[in-house]
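# Overview (structure and organization)
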Amino acid sequence: MKIINKSEFLGLMEKWISSPGLIAPVNVAQTFRSADKEKNLIVFKKIETKDEVLADYLNTVKPVKDFFLPPSTVFDYERKDEGYNFNLSEVDGKETIIFGLRPCDAKSITLLDKVFSEDSEYKDSNYAKKREKTVLVGLACTSPDIACFCTSMGISPFSIAGLDALIINFKDSYVINTVTDKGKNLLGSLGKEAGREIDEEIKTLEESVKLKIKKTCNTSKNLESSFESEEYWTKVSNSCLSCGVCTFLCPSCYCFDLSDESAKRIRCWNGCVFLRFALMSSGENPRATKKLRYRHRVFHKFKYFREKFGENLCVGCGRCIRHCPVKIDIAEVVNNA
Amino acid sequence: MIKKLQEEVKKLLAEKKVNMVIGYARAGDAINAIPYFIANPEECGALIWDKTCIYNLTNYLIDMRNKKVGIIVKGCDVRSVVCLIQENQIKKENVIVIGLQCAGVFDKKGAELGAVGRERAAKCKSCNVHTPPLFDILIEDKEMNQKVLQQEDSYKEIREIENKSPEERFDYWKKELSKCIKCYACRQVCPLCYCPVCVADQTMPQWFSRSLSLEGNFAWNTVRAFHLAGRCIDCGECERVCPMGIPLRKINKKLEKEVKELFGHESGVDAEKKPLFSTFSKDDPEEFIK
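This structure is a prediction, so every number in the text was calculated from the model and none was measured.

### A closer look at the packing of aromatic side chains
Evaluated as defined, the whole model comprises 20 aromatic pairs over all chains. Where A:Phe274 meets B:Tyr184, the ring centres are 6.3 Å apart and the plane angle is 65°; that geometry is what we call edge-to-face. Of this pair, A:Phe274 sits in the loop between strand 12 (264-269) and helix 8 (290-309) while B:Tyr184 sits in the loop between helix 7 (166-177) and helix 8 (185-189), on two different chains. The same class applies to A:Phe274 and to B:Tyr184, which are both buried. Among the aromatic residues, those joined into a cluster by ring pairs are A:Phe68, A:Phe116, A:Tyr127, A:Tyr254, A:Phe305 and A:Phe309. The side chain of A:Lys65 reaches across the aromatic face of A:Trp269, ending 4.6 Å from its centre. When the ring centre of A:Phe68 is taken as reference, the NZ or CZ atom of A:Arg131 above it lies at 5.9 Å.

### What to know about the domain arrangement of chain A
Residues and elements named next belong to chain A. Per the domain assignment, the segments making up chain A are domain 1 (2-71 + 88-212) and domain 2 (223-336). With centres defined by C-alpha atoms, the gap from domain 1 to domain 2 works out at 26 Å. With 30 residues of domain 1 in contact, the opposing surface of domain 2 contributes 30 residues. For the pair domain 1 and domain 2, the summed buried surface comes to about 2,500 Å²; carbon and sulfur atoms form 62% of the total.

### Brief notes about the domain arrangement of chain B
Interfaces are often sized by the amount of accessible area the parts lose when they come together. All names here are of chain B. Once the domains are mapped, chain B shows domain 1 (2-145) and domain 2 (156-278). Measuring from the centre of the C-alpha atoms in domain 1 to the corresponding centre in domain 2 gives 24 Å. Facing the 19 residues of domain 1 at the interface are 24 residues of domain 2. Summing both partners gives a buried area of about 2,000 Å² for domain 1 against domain 2, and 53% of it is carried by carbon and sulfur. Taken together, domain 1 and domain 2 are joined by 2 salt bridges. The shortest N-O distance in the salt bridge between glutamate 266 and arginine 79 comes to 3.9 Å. Counting every contact that joins domain 1 to domain 2 gives 8 residue pairs in polar contact (both at pLDDT 80 or more). Sorting the residues of the side of domain 1 that touches domain 2 by element identifies helix 2 (78-86) and helix 4 (122-125) as the ones contributing at least two each. Looking at the side of domain 1 that touches domain 2 element by element, the count peaks at 6 residues for helix 2.

Rules used in this analysis
- Residues numbered from 1 in each chain as written.
- Chains lettered and ligands numbered in written order.
- Predicted model: local features only at pLDDT ≥ 70, side-chain atom pairs only at ≥ 80, totals over all residues.
- Heavy atoms only, no water.
- Phe/Tyr/Trp six-rings, centres within 6.5 Å; stacked < 30°, edge-to-face > 60°.
- Helix = DSSP H or I, 4+ residues; strand = E, 2+ residues; numbered from the N terminus.
- Buried < 20%, exposed > 50% of the residue type's maximum accessible area, 1.4 Å probe, protein only.
- Lys NZ or Arg CZ within 6 Å of the ring centre and 35° of its normal.
- Domains from an automatic or database assignment.
- Contact = heavy atoms within 4.5 Å.
- Buried area = accessible area lost by both parts, 1.4 Å probe.
- Salt bridge = Lys/Arg side-chain N within 4 Å of Asp/Glu carboxyl O.
- Polar contact = N/O pair within 3.5 Å; in protein donor to acceptor, adjacent residues only side chain to side chain.

Here is the structure:
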């Protein structure tokens, strides 16, 4: 681990804005009157001026998946004799640095990789190209809230999974932990060796942050036995509104829908809790009730994905709990199933 | 007050006057409230009532329209019950309205943090309906008079926007609506958005683009606002649930103001009255209607 002066690091970030390009958390809440000043809406955004970048925030409202799986992508296509010719020019494969993602979001990228990356059965070339060209510089999390449960999901607020480098806010400096070659190329030459003493202090800090996380989720649970329990799934989904907040804000949800609009094909996010998600052209809807849809969401995350890819499709970022309009708590639902 | 509420609900369920009562209970985090559905009279002890009970529960009535249901409402929420009766979506005889006297609830963040200075949601600051105008059972709050704070001008923010130039307003809404992620939480939480297939979900023909373009976002949010003109009862749920913090209440409030000034109509006040758009008056300002 290396240690670097904060202003030196921020100076470097300023250079990234023009080249290669920087994406970082920004408060985009606009205020019409002074009373609204406390409103915050923190999202990842392409940075234009250095003053926009935030370092003090819990987590962004929307996860970082937007940049790899955009909410909607428009493809032009031409009809050829041998089929359709899609124009994928949307991705130019420009290098970008994403700064400030939390370890939970970084972990979610490793889960998305299993589905869309180069070696995957369902390779998505746009996704793979963007992944290759992006450097992920994470920011360790020191103030988790009551909805966070990353420690139950096999990671910690200081994890490096999925990251190219991790930055830790340490007193008046930043401690840099370079993980991959990409990270080393970008940050390897910076700062001076932190030494064993600081390494120890960082470990202690990590443990103390971990202790702040009180919520747990029993991920080893076998959900199979609860599948048929009409009573349980009705009870937990009774208040569900069938809106898309949980799926759209989830860093690891990746379902999408395709539709054709005047010679363009639109690929946009879709969520399994929506009423019409499973609707087929015959008119049959195998998941017509919210009980079935909500159960599917939980099972996909904690059973089907685990069976196929060996890990749960959840990183414990807590967004679905924090932003659920009726406060449905997925960790509780799994624990009590 | 909570005791009285629990007793009344218990009585309703024990006497089998209703199959289910929809109320509020405490969430697992011991801070927030959650919507709570009770069928068993023994579970009534879990019912709560305080400033964290921010939800408008009448949204669930549509799903249960053929059942006998008891519903716990505040002064604002009950107006959507009135609207649903007016619009023939529910039958009055199927619903037992349990009204609560309310001096205001927390805003969204306040409910989570219990923070000082967050005591009243924006909608509560301009509210003067502390006792529900329609109820079968009223749970009175004896300290009501001390609790009610001064009412603020409900159209203050609307006038502020009206006074801006069209360019400034357009700019403002462009920035706000570009945040929309089309999660449709606003529609799903709205007690008056009950179309079996929403116009935004129709694919044959497809009326709106599915993509997150600014045009598509404008189309969705304006169509929804117009569908609610003269109907919205200002429960503020759409704005509360919007994860992107779009001030949706301002759009609905503007239409509410227009409807009030043009037709003298207030939504959700009188169940005997017809809905605004299924009636006409000889004094209508428009020529074509005469």
